[in-house]
Amino acid sequence: MQGLSGLRTLVLNMDMQPLSWAPLSVWSWEDAFVAVHQERVIQVRSYEGVRIHSASREYEVPAVVALKSYRRRRHVAFTRYHLFLRDGFTCQYCGNPFAAKDLTFDHVIPRSRGGQTSWTNIVACCGRDNLRKGARTLSQAGMRLLRQPFEPTVFQLDAAARALPRAKGELHQTWMDFLYWGAELQH
């Protein structure tokens, strides 16, 4: 029997698409199990060979669940992760990719000059370029943006998240029928 430690459950919307790609929608297996038994979700797949026991019953552990009603995502929360995802974890000045821990963000129009903290005025930036630009405008610093900042749609962020490389073992094999990571279909 496989252990329960570290098992997560993929959460799908009612249309069998992941509830979110940015980040991928997963719950702990415990939360998913409770939601199944409270009839808030439908258990779509189970972990093979993994069971839990009560005093009188044996239960399968949910690997994939689907919401019973469609959840519409209208907007993207303005977070560091979503900003870095929008910009492809790439400094918008030098064009080099960085790990999230090595990125910061920059106000294109500095706050000291009336710039707002918003999707359309903030970009992902490496520490070196952030220091180089400082509280100056782009023209004063002699710098250029790779692209203008914009407020992404849910679909744009989902596409960016799907394009990210995944760590080996991050996606359980049971989930693969519901995730389309650019793999070719077998004939």
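Here the structure is a predicted model, which is why all the values come from computation and not from measurement. (Residues numbered from 1 in each chain as written. Predicted model: local features only at pLDDT ≥ 70, side-chain atom pairs only at ≥ 80, totals over all residues. Heavy atoms only, no water.)

Peer 1: Please provide a residue-by-residue account of the sheet that holds strand β1 (residues 8-12), values included.
Peer 2: Whether parallel or antiparallel, the strands of a sheet pair through hydrogen bonds between backbone atoms. If you trace the 4 strands from one edge of the open sheet to the other, you get β2-β1-β4-β3, paired in mixed fashion. What marks the edges here is a single partner per strand, and that holds for β2 (26-28) and β3 (41-53). Averaged over neighbouring strand pairs, the angle between their axes works out to 35° when direction is ignored. Bridging between β1 and strand β4 (residues 58-67) involves 3 bridges; their strand directions are parallel. Of the residues in β4, the one forming a bridge with Leu12 is Ala66. Against the sheet, helix α1 (residues 29-37) engages β1, β2, β3 and β4, with an angle of about 85° to β4. (Pairing = 2+ DSSP bridges. Helix = DSSP H or I, 4+ residues; strand = E, 2+ residues; numbered from the N terminus. Axes fitted to C-alpha atoms, helices over the stretch in contact; angles between N-to-C directions. Contact = heavy atoms within 4.5 Å.)

Peer 1: Explain the state of the cysteines residue by residue, including any values.
Peer 2: Per the stated rule, a full pass over the model turns up 0 disulfides. In this structure Cys91 is a free cysteine whose sulfur lies 3.7 Å from that of Cys94, the closest cysteine sulfur available. Unpaired in terms of disulfides, Cys125 finds its nearest cysteine sulfur in Cys91, a separation of 4.5 Å. According to the relative accessible area criterion, Cys125 is buried, its value standing at 0%. (Disulfide = S-S within 2.5 Å. Buried < 20%, exposed > 50% of the residue type's maximum accessible area, 1.4 Å probe, protein only.)

Peer 1: Before we move on, can you summarise the pairing of β3 with the specific residues and values?
Peer 2: Here β3 runs beside β4; their pairing, made up of 8 bridges, is antiparallel. Residue pairing in the sheet places Arg45 in a bridge with Val64 of β4. Here β3 folds back onto β4 in antiparallel fashion, the turn holding 4 residues.

Peer 1: I'd like a description of the layout of surface pockets, backed by residues and values.
Peer 2: In this approach a probe as big as a water molecule rolls over the atoms, and the regions it shows empty are the leftover space. Quantified by volume, the largest pocket comes out at close to 380 Å³. Looking at the largest pocket, it is lined by 20 residues, and the ones nearest its centre are Tyr70, Arg73, Val154, Phe155 and Asp158. (1 Å grid on protein atoms, 1.4 Å probe; cavity = no way out; pocket = protein on both sides within 12 Å on 5 of 7 lines; lining within 4 Å. Points joined across faces, edges and corners; volume = space filled by probe spheres on them.)

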